[in-house]
Amino acid sequence: MKFPGSVLASVFLFVAETTAALYLSSTYRSGGDGMWQALTLLFSLLPCALVQLTLLFVHRDFSRDRPLVLLLHLLQLGPLFRCFEVFCIYCQSGHIEEPYVSITKKRQIPKNGFSEEIEKEVGQAEGKLFTHRSAFSRASVIQAFLGSAPQLTLQLYISTLQQDVTVGRCLFMVLSLLSIVYGALRCNILAIKIKYDEYDVKVKPLAYVCIFLWRSFEIATRVIVLVLFTSVLKAWVVMVVLVNFFSFFLYPWILFWCSGSPFPENIEKALSRVGTTIVLCFLTLLYAGINMFCWSAVQLKLNNPDLISKSQNWYRLLAYYMLRFIENAVLLLMWYLYKTDIYMYVCAPLLILQLLIGYCTAILFMLVFYQFFHPCKKLFSSSVSEGFRQWLKCVCCNCRQQKAHESVGKTDLRSTGDRDETPSSSKISSVPSQILNADELCSA
């Protein structure tokens, strides 16, 4: 049975970040910074409450008679209890013989064009561990993008205004960044397992390293760009955030309304129509929060029973990163034009170049992951390198066609000029001009 390392990592980040937030808020209170204290507590306690609700929802404890579990979640101790429960199940799994097992069928990743179907026995203990891992994965994503991401942006903004980074704040920002990167990594793994649910997917360690580097560069550069822009244009950042948020929040709903599909009723049997609407709104809220800082790796599809599109859309991925790169460049340009005296000793052009190169480095690691380390790359209809070759061919063909049109236009202008200069010999000069047109068209 696989060691529940992901559960341990999720609980460690949850406890460490909450403890650091409480300590830092106490320092803000002692320093008389009431607003920073309130915002720090808000971005810490709100995701804590959402994590408790997520764990209760996934384990369906609302409809079960477990008052002690509900009390522990109310006291914000739910993740610690669940972690203890996970390791109790893991330690007892090898000593107790299970009377009932279920058989699951998975297909192997094709090798040499052939794919075999394998059967695996899953006991009750392993099934419970799977549920716990799934719950903690979703809780990590919620904590990362509804708590850690705005928290990291806030603390970096405070450090920029005060031009000082304390040890506690530095440690807190490192924990927040690790939490966001881990949440983004869980997004990638969840997307792979949902899209290729019928296959036995095994992610290699190098794939984890590549995803970690990709997400680290992407998220770090995005947060720094937002903080720099906010420090000089506080009013305009509200518009930037609202446009980004509502674009990603409304996009799945617009696609759902345009499809004409009926309202999804199969999310949870115990939920009413109002409860289902609340859950869907929360999912789109989380989807918008993820895409504010990085690529979500999944596409919400509300008319799908799984609520997630299983198709790999490379054009949407390309459009996202192109638009995000342009947006980052524009925000950095606005910061450069309106920067204040607090950046007197900062080499602005060098900083802009470093941030843009950092974002391009993230894109490079993403391409490396999809080309070499994706566990299901053999199932892709086209690889990254093939898509890049096709894009180069399209660019070259367009350039050749443009040059051909330009040469034809120049030839027409030249022949018209010759006819205007020697009108009496138009019949004689028409033949060479036609030969010239044909030769130039062939050369083009």
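Note that the structure is a prediction, hence the values are computed from the model and not measured.

Structural notes on the packing of helix 2 (residues 34-59) against helix 3 (residues 67-74)
Alright, step 1. In contact at an axis separation of 9 Å, helix 2 and helix 3 are set at 160 degrees when each is read in the N-to-C sense. In this view, helix 2 runs roughly antiparallel relative to helix 3, as classed from their interaxial angle. Listed contacts from helix 3 to Gln52, Leu55 and Leu56 of helix 2 are Val69, Leu70 and His73.
Alright, step 2. Split by residue class, the contact of helix 2 with helix 3 holds four nonpolar, two polar and no charged.

Here's the deal with the UniProt feature "transmembrane region" (unreviewed entry) in the protein
Alright, step 1. Those places that UniProt annotates as "transmembrane region" (unreviewed entry) correspond, in this numbering, to residues 36-58, 166-185, 206-229, 235-258, 270-298, 318-338 and 350-373.
Alright, step 2. Helix makes up 95% of residues 166-185 and strand 0%, and the two end C-alpha atoms of the span are 28 Å apart.
Alright, step 3. The distance from the first to the last C-alpha atom of residues 235-258 is 34 Å, and the span holds 100% helix and 0% strand.

With respect to helix 10 (residues 314-338)
Since the α-helix packs 3.6 residues into each turn, any two residues three or four apart lie on the same face.
Alright, step 1. Across its 25 residues, helix 10 extends 36 Å between first and last C-alpha, which sits within 8% of the 36 Å expected from 1.5 Å per residue.
Alright, step 2. Inspection of helix 10 places Leu317, Tyr320, Tyr321, Arg324, Glu327, Asn328, Leu331, Leu332 and Trp335 among the buried residues, and these make up the whole buried set.
Alright, step 3. Tucked inside the fold, the buried residues of helix 10 contact helix 7 (205-232), helix 8 (234-259), helix 9 (273-293) and helix 11 (348-373).

Section: the pattern of salt bridges
Alright, step 1. Applying the stated criterion to the full structure yields four salt bridges.
Alright, step 2. Taking the shortest distance from any N to any O, the salt bridge between Arg222 and Glu327 comes out at 3.4 Å. Taken together, the residues Arg222 in helix 7 and Glu327 in helix 10 connect sequence positions 105 residues apart.
Alright, step 3. Of the residues examined, Glu327 reaches a relative accessible area of 17% and is grouped as buried.
Alright, step 4. A salt bridge links Arg324 to Glu327; its shortest N-O distance comes to 2.4 Å. Remark: Glu327 and Arg324 occur in helix 10; sequence separation between them is three residues, near one turn of the helix.

Things to note about the side chain of Asn188
Alright, step 1. Looking at the element boundaries, Asn188 is found in helix 6 (residues 167-195).
Alright, step 2. Ignoring anything within four residues of it in the chain, the contact list for Asn188 reads Ile211, Trp214, Arg215 and Ala297.

Some thoughts on the confidence of the model for the protein
Alright, step 1. Looking at the protein as a whole, the pLDDT averages 82, with 84% of positions reaching at least 70.
Alright, step 2. By mean pLDDT, the top-scoring element of the protein is helix 7 (94), and the lowest-scoring one is helix 13 (residues 426-443) (40).

Conventions we followed
- Residues numbered from 1 in each chain as written.
- Predicted model: local features only at pLDDT ≥ 70, side-chain atom pairs only at ≥ 80, totals over all residues.
- Heavy atoms only, no water.
- Axes fitted to C-alpha atoms, helices over the stretch in contact; angles between N-to-C directions.
- Helix = DSSP H or I, 4+ residues; strand = E, 2+ residues; numbered from the N terminus.
- Parallel < 35°, antiparallel > 145°, perpendicular 65-115°, else oblique.
- Contact = heavy atoms within 4.5 Å.
- Nonpolar A, V, L, I, M, F, W, Y, C, P; charged D, E, K, R; others polar.
- UniProt positions renumbered as here; feature names shortened; annotations may be inferred.
- Expected span 1.5 Å × (residues − 1).
- Buried < 20%, exposed > 50% of the residue type's maximum accessible area, 1.4 Å probe, protein only.
- Salt bridge = Lys/Arg side-chain N within 4 Å of Asp/Glu carboxyl O.
- pLDDT = per-residue confidence, 0-100.

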